[in-house]
Each structure stands twice: as C-alpha cells, then as structure tokens.
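Tertiary structure, described
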Amino acid sequence: MPQKGLVHDGQHDAWNDVGRGLPLVAGRDRFDPRGRSTDQVPSEWKQGRSAVNRFAIIALSTMALSSSATAESGDVARGQRDFHVCAPCHSLEPDRSMTGPSLAGLWGRKAGSLPSFERYSDALKSSGIIWDERSLDGWLTDPDRMVPDNEMPFNGIKNSRDRADLLAYLKEATKPGAAPQQTTQAPTGGMGGMMGGGQVRNLKSLEPNLQVKAITYCHDTYRVTTADDKTRHFWERNLRLKTDSSQDGPQPGAPALLPAGMIGDRADVIFAAPEEISKMIEARC
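Presented here is a report on the structure given in the accompanying data block. These figures come from a predicted structure and were not determined experimentally.

Turning to the overall build of the protein chain, a few remarks are in order. Secondary structure assignment for the protein chain yields nine helices and seven strands. Each of the 285 residues in the protein chain was classed as buried or not, and the buried ones make up 36%. A fraction of 53% describes how many contacts in the protein chain between residues 6 or more apart in sequence connect residues 24 or more apart.

With that settled, the discussion passes to the nonpolar core. Side chains of nonpolar character tend, in soluble globular proteins, to be buried together. F83, L92, L124, W131, L166 and L170 are the most contacted members of the largest nonpolar core, which totals 23 residues. Mapped by element, the contributors of at least two residues to this core are α5 (133-141) and α7 (160-173). For this core, the leading source of residues is α7, giving five residues. Among residues more than four places away in sequence, those in contact with W131 are L106, W107, G108, R109, K110, A111, L124, L136 and W139.

Taken as a whole and judged by the stated rule, the model has 14 salt bridges. Put simply, K171 and E133 hold a salt bridge, and the shortest N to O gap is 2.4 Å. Of this pair, K171 sits in helix α7 while E133 sits in helix α5; the two residues are 38 residues apart in sequence, bridging distant segments of the chain. Among the salt bridges present, the one from E282 reaches R284, with a minimum N-O distance of 3.2 Å. Shared partners join several salt bridges into a network, and the residues in it are R78, R161 and D165.

What follows is about the side chain of S135. The residue S135 is located in helix α5 in this model. Discounting chain neighbours no more than four positions away, the residues touching S135 are I129, I130 and M146.

Under the counting rule described, the total for this entry stands at four aromatic pairs. Judged by centre distance (4.8 Å) and plane angle (70°), the rings of F117 and Y120 are edge-to-face. Each member of the pair, F117 as well as Y120, is classed as buried. Taken together, a centroid distance of 4.8 Å and an interplanar angle of 45° make the contact between Y217 and Y222 tilted. Note on Y222: relative accessible area 13%, which makes it buried.

For the rest of this paragraph, the subject is the sheet that holds strand β6 (residues 266-271). Pairing within the open sheet is mixed, and its three strands lie in the order β4-β6-β5. Strands at the two margins of the open sheet, each flanked by one partner only, are β4 (239-243) and β5 (256-260). Put simply, the sheet's adjacent strands are angled 25° from each other on average, direction ignored. Note that β5 and β6 share five bridges and pair antiparallel. Across the sheet, the residue bridging to A260 is R266, located in β6.

To continue, consider the environment of A260. Looking at the element boundaries, A260 is found in strand β5. Residue classification places A260 among the buried positions, given a relative accessible area of 7%. Each C-alpha atom, one on A260 and one on L239, is 8.9 Å from the other, the two residues being 21 residues apart in sequence. Those residues in contact with A260, other than ones at most four positions away along the chain, are R240, R266, A267 and D268.

As a further point, take the state of the cysteines. In the structure shown here, the tally under the stated rule is one disulfide. There is a disulfide in this structure between C218 and C285, and the S-S distance comes to 2.0 Å. Taking the sign of the S-S torsion, 100° for the link of C218 and C285, the bridge is right-handed. Within this pair, whereas C218 is found in strand β1 (residues 212-218), its partner C285 is found in the segment after β7 (281-283), the two being separated by 67 residues in sequence. Assessed through its relative accessible area of 4%, C218 is described here as buried. C86 takes part in no disulfide bond, and the closest cysteine sulfur, belonging to C89, lies 8.6 Å away.

It is at 10 Å that the axes of α5 and α7 come closest, and there the two elements cross at 130°. Comparing the axis directions of α5 and α7 gives the class oblique. Our pair here, α5 against α7, has a crossing hand that is right-handed. Where α5 abuts α7, its residues E133, L136, D137, L140 and T141 lie against R163, L166, L167 and K171. Classifying every residue of the contact of α5 with α7 by side-chain character gives four nonpolar, one polar and four charged.

This part covers the sheet that holds strand β2 (residues 221-226). Backbone hydrogen bonds hold the strands of a sheet together, and the pairing may be parallel or antiparallel. Judged by pairing direction, the sheet is mixed, and its four strands sit side by side in the order β3-β2-β1-β7 without closing on themselves. The open sheet has two edge strands, β3 (231-235) and β7, and neither has a second partner. Across the sheet, the axes of successive neighbouring strands diverge by a mean angle of 25°, strand direction being ignored.

Thresholds applied
Residues numbered from 1 in each chain as written. Predicted model: local features only at pLDDT ≥ 70, side-chain atom pairs only at ≥ 80, totals over all residues. Heavy atoms only, no water. Helix = DSSP H or I, 4+ residues; strand = E, 2+ residues; numbered from the N terminus. Buried < 20%, exposed > 50% of the residue type's maximum accessible area, 1.4 Å probe, protein only. Contact = heavy atoms within 4.5 Å. Core = buried A, V, L, I, M, F, W, Y, C linked by side-chain atoms within 4.5 Å. Salt bridge = Lys/Arg side-chain N within 4 Å of Asp/Glu carboxyl O. Phe/Tyr/Trp six-rings, centres within 6.5 Å; stacked < 30°, edge-to-face > 60°. Pairing = 2+ DSSP bridges. Axes fitted to C-alpha atoms, helices over the stretch in contact; angles between N-to-C directions. Disulfide = S-S within 2.5 Å. Parallel < 35°, antiparallel > 145°, perpendicular 65-115°, else oblique. Left-handed = near helix turned anticlockwise from the far one by under 90°. Nonpolar A, V, L, I, M, F, W, Y, C, P; charged D, E, K, R; others polar.

The following block contains the structure:
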C-alpha cells in the first residue's frame, strides 16, 4: 500500500529509477512526469518497492544533507593553522595576487574570473565552476582530476577532516569586509641555497622547451615563449633574470629557461650578457 502523499505509477518512483540516484543527490536532475526518465529497472521488479522507496528516500536525503554540511562541520581554528600551506601562494587581501590569485571574496566567484589575476589556465577559465563548499571540496581533494590541464602545482588534501577545517576557515576569512588575517607561511629557510647546489649545467645546447624565443611583460606577469612554441606565465616575483658569461653560459641572444623552486611555479631566465635583458623583454599586453 503506497504511503500517503506518494504516487507510485510503476514508472517514475525511486525504485524504478535507482540508476538516477547520483544525479538527484547532486541536484542536477529531476524526475520527468511525462515519462522521459532513463536507466529504469525492469517493471517486473516491483515486489516490495514501497519499503525500498522509503529506504531510498531516507538514504538520498541523508547523503545530500551530509554533503552540504562539509565545510560547516569543520573547525575554523584548525583551518587557520592549516592555511599556512596555502599562504606562500595565496593572499586573503583583495586583489593582492601572488603565485596564485587572491582568495578574498572567493565564495560565489566563477573560477578563473578575478580581473586582477592574469595567469589562469585556459582549462580553469573555461570550466564554468562556481566556487562554493562542494566545488572547493572537490578542488582541494584533487585539482587535476576536477580540472584536467589546470596549472596549479598542488596534489590535493586527501584527509576529509583537514579539508573541512580549511574550508570552514576560508569561508569566514574570504567574506567581503573580513578583517585582515595574519598567517604564518611554511618555513623555507635554507632551501634556496640547496636548490642552487650541484654541478653547473652547460647552457650552450638545450632542449627546445628550455630555449627562450620571446618574453613579454604585462602588469605583474611575464610570459615566456620557448622554442617549442609553448608559453608559460609567471608572477613577476617568481621569474628571476640572471646572466652567465662563462663558457657554460647560453649562446648570445639565446637565453635559457630553467625551473627553480620546489613546486614548479618559479623559473630562472639566464642571459649571456646584461644588455640582452632589456632587448629581449617586450612590454606588451
């Protein structure tokens, strides 16, 4: 006997449409009262469907509620401590971009849309994502899986509690008008010297992806194009311009692009002589 208020027409109830459960939880679909649902279980599987309906409805409701509460169940104080891993690349001050964009006003913003940040990947700009608890939880879990070909050098946070704590903090800290936050960056003392150690590489003959063809500069961003016709974007503080006039240095007029740092967002451009720097860099947006 069907429950009061529930109409079972043998075609569109939760039992027959069990294959549509995930889209319903995600809020991306609805049952079609005109009979155009898909993935239906054969109609002969009707025995005991009222009990199954009750179970399915309860389960779906529970999953939806627990999903929407992800960030709200986190601990703000723990999240603030965890933010130190984000602070070297992201500011909480409006329009203060670093390696990555400012996170101020993040909730409700379309991914890749902050006007003051010019280094978004094409993949992120075209993703159509709107940042909220659900999308940010997916992004923090695995950015590469959520948006393939994005350029954020970050492997993700696999612990759900850590993500919930960080999201709880970010939701408060990125609100419009939020008080400036003081964060402690992860210590990096001594690593710069270690990165520069070892044998000096000969720059006379390099792979195409390390041979610089052109450099343009616009606002706070350098765009470096290499001999393989690839262009990379660098925040101006992350691109170091150097010279090497030794026998191991680059050929005149053929600067070298060498990775630097530990997460792939920094690089050195090494010229054969100082006067090449101003000749190579073109101010153009």
